[in-house]
Amino acid sequence: MTDRPNQGPGFHTLAVHAGASPDPATGARATPIYQTTAYVFDDADHAASLFNLQTYGYIYSRLTNPTVSVLEERIAALEDGKGAIATASGHAAQMLISFVLMQPGAHILASNKLYGGSLTQFTNTFKKFGWDATLLDPDNPADFRQHIRPETKAIFIESLANPTGVIADIAAFADIAHEAGIPLIVDNTSATPYLCRPFEWGADIITHSTTKFLSGHGNAMGGMVVDSGKFDWGQNDKFPSLTRPEPAYHGLTFYETFGDLALTVHGHAIGLRDLGATMAPMNAYLTITGCETLGLRVAKHCENALAVAQYLEAHPAVNWVSYPGLKSSKYYDLHQKYMPKGAGSVFSVSLKGGYEAGLKLVDALELFSHVANIGDTRSLVIHPASTTHRQLDEKAQIASGAGPDVVRLSIGIEDAADIIADLDQALAVAMRA
Ligand SMILES: *Cc1c(COP(=O)(O)O)cnc(C)c1O
């Protein structure tokens, strides 16, 4: 992995500058929050050509907004992608990309180690659209090949899974998807483009919950779909949304008209227009600010997480720690291959004291906040079996790495010694119980 996607500016330079220039009206150096719903047309012809997708410009903020556009360009640049679509949340991004690719009767293959909310979205809620999902163990990419059907539209994995620390062999999954003429979608939320750039390994589409490390301060919901622009949508007849005439735009064909921007244009002109899961300009502004320090923060998150994971692994109250940065992890080699700068800062810990110890630990921690979130500057903790993974039965909880004895940590950017001291006193309380 290189720090200079495309031989252009380096990662930290793009993180500060990509997509933004001084405001043409005022010279404002920070990107303004364009808190507007609509944009005045030059004249009637201009309005008509905007609505026909013949001219690029702003119409209505459900589709596009200048603050949101800066963020889209910035994250596309950080991932070395062709274009991006910002959404109201990470789940909205997953909805939007599925909506383009899927239709009633369509099928998707996904990792069974996805974030718990994604498992529920894919297997339960998407069923109501007539979309079928098969969940498989990401440790066996070849298994996915066996389960591809004629109606399968994509493979969906997480580069670094929240919270199990499972690292997917992205290149192997890309080969399997491409053999079948379908795209590989990678949720890159936990790794961020600072640690891992899935497009360099053959992925076609990236999704993010920008709610996590990209905004980074636990203050803005958001999601992103990033397109590599490299997938050939016309190689088969599996993706009619992009390759067949669109009645809502006078029979325009997105792939023919927009080429490697087809998915990006479709995502705004149809996806955001009709599903309406748009990112608010205020949230885009906060996320733009977050992106500027992404590399600095993630480096510190990773350094702290490794120190904490090493401390926990040696602790007598602990069964195991799922951090792929530990030499004992079965994902250590994949970590070295796909994200050598660090293994992220979200992982789980199994406590010998089981369910009760998990609850005690969460209650005894003082510096850590007990919240259902990750990727904040602050250290966070949660006991998945009693909260985020409550809807799953115990078998599914264990399969997704969130059994009753498991606590999830998201290590912040405080001083590592203070984080460890807090865990030390709380583990003592949990052991006494
Ligand atoms: C949080 C999260 C999501 C969902 O994102 P929201 O912004 O909460 O909708 C998806 N994938 C991963 C890996 C996540 O951590």
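Computed from a predicted structure; not experimentally measured.

Is there a simple way to explain the sheet that holds strand E9 (residues 346-351) in this structure?
Sheets are built from strands that pair by backbone hydrogen bonding, the pairs being arranged parallel or antiparallel. The sheet built from five strands is open, its strands ordered E8-E9-E12-E11-E10 with mixed pairing. The open sheet has two edge strands, strand E8 (318-321) and strand E10 (369-370), and neither has a second partner. Of the pairings in the sheet, the one linking E9 to strand E12 (residues 406-410) comprises five bridges and is antiparallel in character. Bridging across to E12, Ser350 finds its partner in Val406. The sheet contacts of helix H15 (residues 354-364) involve E9, E10, strand E11 (380-382) and E12, and relative to E9 the element is tilted by about 125°.

Looking at this structure, I do not really get the site of the ligand. What am I missing?
Neighbouring residues of the ligand: 16 residues in total, closest Gly90, Asp187, Ser209, Thr211 and Lys212. Taking Gly90, its main chain carries an N or O atom lying 2.8 Å from an oxygen atom of the ligand. One of the side-chain nitrogen or oxygen atoms of Asp187 is found 2.7 Å away from a nitrogen atom of the ligand. Taking 380 Å² as the accessible area of the ligand by itself, protein coverage stands at 94%. It is helix H4 (residues 90-101) that provides the largest number of residues to the shell around the ligand, a total of three residues. Here the residues of the shell around the ligand are counted per class, giving three nonpolar, ten polar and three charged.

Looking at this model, I keep getting lost on the environment of Asp187. Mind explaining?
Within the element layout of this structure, Asp187 appears in strand E5 (residues 184-187). Once the C-alpha coordinates of Asp187 and Asp45 are considered, the two residues, 142 residues apart in sequence, prove to be 41 Å apart. Discounting residues that sit within four places of it in the chain, Asp187 has contacts with Gln94, Phe156, Ile157, Glu158, Ser159 and Thr207.

Basis of the calculations
Residues numbered from 1 in each chain as written. Predicted model: local features only at pLDDT ≥ 70, side-chain atom pairs only at ≥ 80, totals over all residues. Heavy atoms only, no water. Pairing = 2+ DSSP bridges. Helix = DSSP H or I, 4+ residues; strand = E, 2+ residues; numbered from the N terminus. Contact = heavy atoms within 4.5 Å. Axes fitted to C-alpha atoms, helices over the stretch in contact; angles between N-to-C directions. Near = heavy atom within 4 Å. Polar contact = N/O pair within 3.5 Å; in protein donor to acceptor, adjacent residues only side chain to side chain. Areas by Shrake-Rupley, 256 points an atom, 1.4 Å probe, with all protein chains shown as cover. Nonpolar A, V, L, I, M, F, W, Y, C, P; charged D, E, K, R; others polar.

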